[in-house]
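Observations on the model geometry
Chain by chain, the residues:
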Amino acid sequence: MGYTSPITKDIAMPNNSDGETRVVSRKGRPGDSIIPPTVRPVLKVLAGASEGRTFRIESAETTIGRSQEADIHLDDEAMSRFHAQILFHNMEFRIKDLESANGTILNGSEVSEYALRHNDKIMVGETMLLFTIDRI
């Protein structure tokens, strides 16, 4: 179920906390990517059994599903155990369907993997999520 990036070069990135530049390897999984501390991605449940709940995304690879082992666990029988992932890689957030039974819908269209933008609506199972990015 892992993701392997075709990117194999190193990229210099500024570290906002102390002004120094550090090299971050882009080899391997998006888990090697780091969400900048000035970016706060959030998923809010707009409709479904967990309506009103809010989840802050803090990892470069966040799994959504009905399994207790999913990073974002939602009580939705129409959702697969591991339904989708939010990925952060190369300064971009993406939604990726994990071959779920009912698919992942982004702004009304079924997607296998697609870039996310502020205020995108994601439907997984019978749960509607709102993706937002706050910058501090």
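What you see is a predicted model, and the numbers here were worked out from it, not measured in a lab.

1. Things to note about the confidence of the model for the protein chain
For residues with low pLDDT, the predicted coordinates do not support detailed interpretation. Within the protein chain, residue pLDDT values average 83, and 76% of them lie at 70 or more. For residues 1–16, every residue scores under 50 in pLDDT, and the model assigns this stretch 42 contacts once sequence neighbours within four places are set aside. A low-confidence stretch, residues 21–31 (pLDDT under 50), is modelled with 44 contacts involving residues beyond four sequence positions or located in other chains.

2. Some thoughts on the pairing of strand β12 (residues 120–124)
Judged by which residues are buried, β12 turns out to be one-sided: D120, I122 and V124 face inward and are buried, whereas K121 and M123, on the alternate face, are not. With three bridges joining them, strand β9 (residues 104–106) and β12 adopt antiparallel strand pairing. Paired with I105 across the strands is M123, a residue of β12. Where β12 and strand β13 (residues 127–135) come together, five bridges link them in antiparallel fashion. The residue of β13 that forms the bridge with M123 is M128. Here β12 hands over to β13 after two residues, with G125 in that stretch at a positive phi of 60 degrees.

3. With respect to the sheet that holds strand β8 (residues 92–97)
Strand order in this open sheet of five strands is β6-β5-β7-β8-β11, and the pairing throughout is mixed. Of all the strands in the sheet, just β6 (72–73) and β11 (113–115) have a single pairing partner and so form its edges. Note that β8 and β11 share three bridges and pair antiparallel. Looking at the pairing, K96 lines up with E113 of β11.

4. Observations concerning the packing of aromatic side chains
How two aromatic rings sit relative to each other is set out by the distance from centre to centre and by the angle between their planes. Evaluated as defined, the whole model comprises two aromatic pairs. Where F88 meets F93, the ring centres are 4.6 Å apart and the plane angle is 45 degrees; that geometry is what we call tilted. Accessibility classification places F88 together with F93 in one group, the buried group. Taken together, F88, F93 and F131 form an aromatic cluster joined through their ring pairs.

Basis of the calculations
Residues numbered from 1 in each chain as written. Predicted model: local features only at pLDDT ≥ 70, side-chain atom pairs only at ≥ 80, totals over all residues. Heavy atoms only, no water. pLDDT = per-residue confidence, 0-100. Contact = heavy atoms within 4.5 Å. Buried < 20%, exposed > 50% of the residue type's maximum accessible area, 1.4 Å probe, protein only. Helix = DSSP H or I, 4+ residues; strand = E, 2+ residues; numbered from the N terminus. Pairing = 2+ DSSP bridges. Phe/Tyr/Trp six-rings, centres within 6.5 Å; stacked < 30°, edge-to-face > 60°.

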